[in-house]
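Residues per chain, in single letters:
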Amino acid sequence: MKRNREDMEIVWQTPANPPERHDYIFRNGIRYVKPYYFEFISHAKVRWAGKTIVDLFADEFKGRNRDYYDSAVKSGRIQVNGKTVSVYYRVQSSQKISHFLHRHEPPVMALDVKILHKGEDVLTVCKPASVPVHPCGQYRKNTVVGILQAEHDLAPLFPIHRLDRLVSGLLILARSASQAEIFRQQIEAGMVQKQYVAKVVGEFPEEQVVNLRVNFNAREGRSTVEPESTDEKVNGKSACTKFTRISTNGKYSIVSCHPVTGRTHQIRVHLQSTGHPIANDPLYLSDQIDSNSRRAFTAHKTAVKSTHSLESKSNDNHISESEHSVEDFDIDPMCTNCPNLAPIGYDGSEEGLWLHCVRYSAPDWLYECPYPEWASLSL
């Protein structure tokens, strides 16, 4: 049942509050987080000094309009050094600024985080696509680390490598800071070998090595490639990926990917540079790729969404939670996302990329993850 919070006591959460099993709602194959009250804390940067508190938020945090921030300051939802201030208050450098917010996290696909290995020092899991590894941006509870804590009481955990949110597969987590440091040193020393598998467009060569610099544009959220060069004006970072074809049916190929370096979107943009992008990658599907591939991508998204819905319905635990909790969240009168579960702009219809981490190894250890179903081609 949805309740209005106008006359109810609010309990604020901070990063110290751990995720719990009852925080999640499952609906039609999608995992949502019940909206909750959260204190965002930041410290005023030098460039913020002298701005009014409303101007600061309107200029720096554009996810909400100026009227909202005006009301939030007046109601005490935005405070400076723990105190309510006027809308004309001018911020000083290093001050603690709190924003008390009704937080809506983006939804992810309702797929289990499968534990592959549970040791005293190391935990390995099969990360589902669409779920971020750790808290970042709008995600906090809807993360691999958050779900493992809520559903398996596993904490603290220290991810030792990155996987893009839409990528699935092997994720290694140290169970202590000291173990994480051991992994970090091995990775920095170049002792760790990585293997991924991808499903790409067309008939990929039997073997190919790509040596192209990768330049990630944070504003656009995507990478581009540049030739290796001694020119100091080149922005990209040196990158190398080795590719080996596993199988092909002419239309698609399954490719083993061995990134020698670890740049953002490296495998995805290197595959694009070969003319064989990942076959369902909306960010890097080249303009020259034929419309049939794009139609197949759209049809697959529809099929995947239906499959996830059926999987959710077949999971008794998810059904029991969904039936009694799907409407059981509080409507906040100031919230710009209520009465929806998801924040504005997120509908949970994403699909995971056909890119999957299968192996990480070093001289004294090896961890693996099973291949996904899409890695088998019908010839």
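Definitions and cut-offs
- Per chain, residue numbering runs from 1 following the sequence as it is written.
- At least 70 in pLDDT is required for a residue's local features to be given in this predicted model, at least 80 for side-chain atom pairs to be given and counted, and no such filter applies to totals for whole chains, interfaces and linings, which use all residues.
- Water and hydrogen atoms play no part in the side-chain values, which are based on all heavy atoms of the structure.
- UniProt positions are given in the numbering used here, feature names are shortened, and annotations may be inferred rather than shown by experiment.
- DSSP bridges decide pairing: two strands pair if at least two such bridges lie between them.
- Secondary structure elements follow DSSP: runs of H or I of four or more residues count as helices, runs of E of two or more count as strands, with numbering from the N terminus.
- In this analysis, two residues are considered to be in contact whenever any of their non-hydrogen atoms come within 4.5 Å of each other.
- Geometry is summarised by axes, namely lines fitted to C-alpha atoms with helices restricted to the contacting stretch, and by angles between N-to-C directions that run from 0 to 180 degrees.
- To sort residues, take the accessible area from a 1.4 Å probe on protein chains only and compare it with the maximum for the residue type: under 20% means buried, over 50% means exposed, and anything in between is partly exposed.

- Per an unreviewed UniProt entry, the chain is named Pseudouridine synthase, and its organism is Lactuca virosa.
- In its Catalytic activity (unreviewed entry) section, the UniProt entry covering the chain states "a uridine in RNA = a pseudouridine in RNA".
- Under the heading Sequence similarities (unreviewed entry), UniProt records this for the chain: "Belongs to the pseudouridine synthase RluA family."

1. So, the sheet that holds strand β2 (residues 24–27)
Part 1 of the argument: Taken in spatial order, the 3 strands line up as β2-β3-β8 in an open sheet, and their pairing is antiparallel. Only two strands of the sheet have a single partner each, and these edge strands are β2 and β8 (108–109).
Part 2 of the argument: Pairing between strand β3 (residues 30–33) and β8: 2 bridges, direction antiparallel. In the strand pairing of β8, R31 is matched with V108.
Part 3 of the argument: Helix α3 (residues 144–152) rests against β2 and β3 of the sheet, and its axis sits at about 100 degrees to β2.

2. Thoughts on the pairing of β3
Part 1 of the argument: Side chains I30 and Y32 of β3 all project onto a buried face; the interleaved residues R31 and V33 project onto the opposite face, where all are buried too.
Part 2 of the argument: Strand direction decides the pairing type here: β2 and β3, joined by 4 bridges, are antiparallel. Within β3, the position partnered with F26 by the bridge is R31.
Part 3 of the argument: Hairpin connection of β2 to β3: 2 residues between the antiparallel strands, including N28 at a positive phi of 50 degrees.

3. Comments concerning the sheet that holds strand β6 (residues 83–84)
Part 1 of the argument: Sheet architecture is open: 4 strands sit in the order β4-β7-β5-β6, paired in antiparallel fashion. Strand pairing shows two members of the sheet lacking a second neighbour, β4 (36–43) and β6, which therefore form its edges.
Part 2 of the argument: As paired elements, β4 and strand β7 (residues 96–103) share 8 bridges and run antiparallel to each other. Pairing of I41 across the sheet is with S98, part of β7.
Part 3 of the argument: Across the sheet, helix α1 (residues 53–60) touches β5 (78–80) and β7, and the angle it forms with β7 is around 60 degrees.
Part 4 of the argument: Along the sheet, helix α2 (residues 66–75) contacts β5, β6 and β7; its crossing angle with β7, the most-contacted strand, is approximately 110 degrees.

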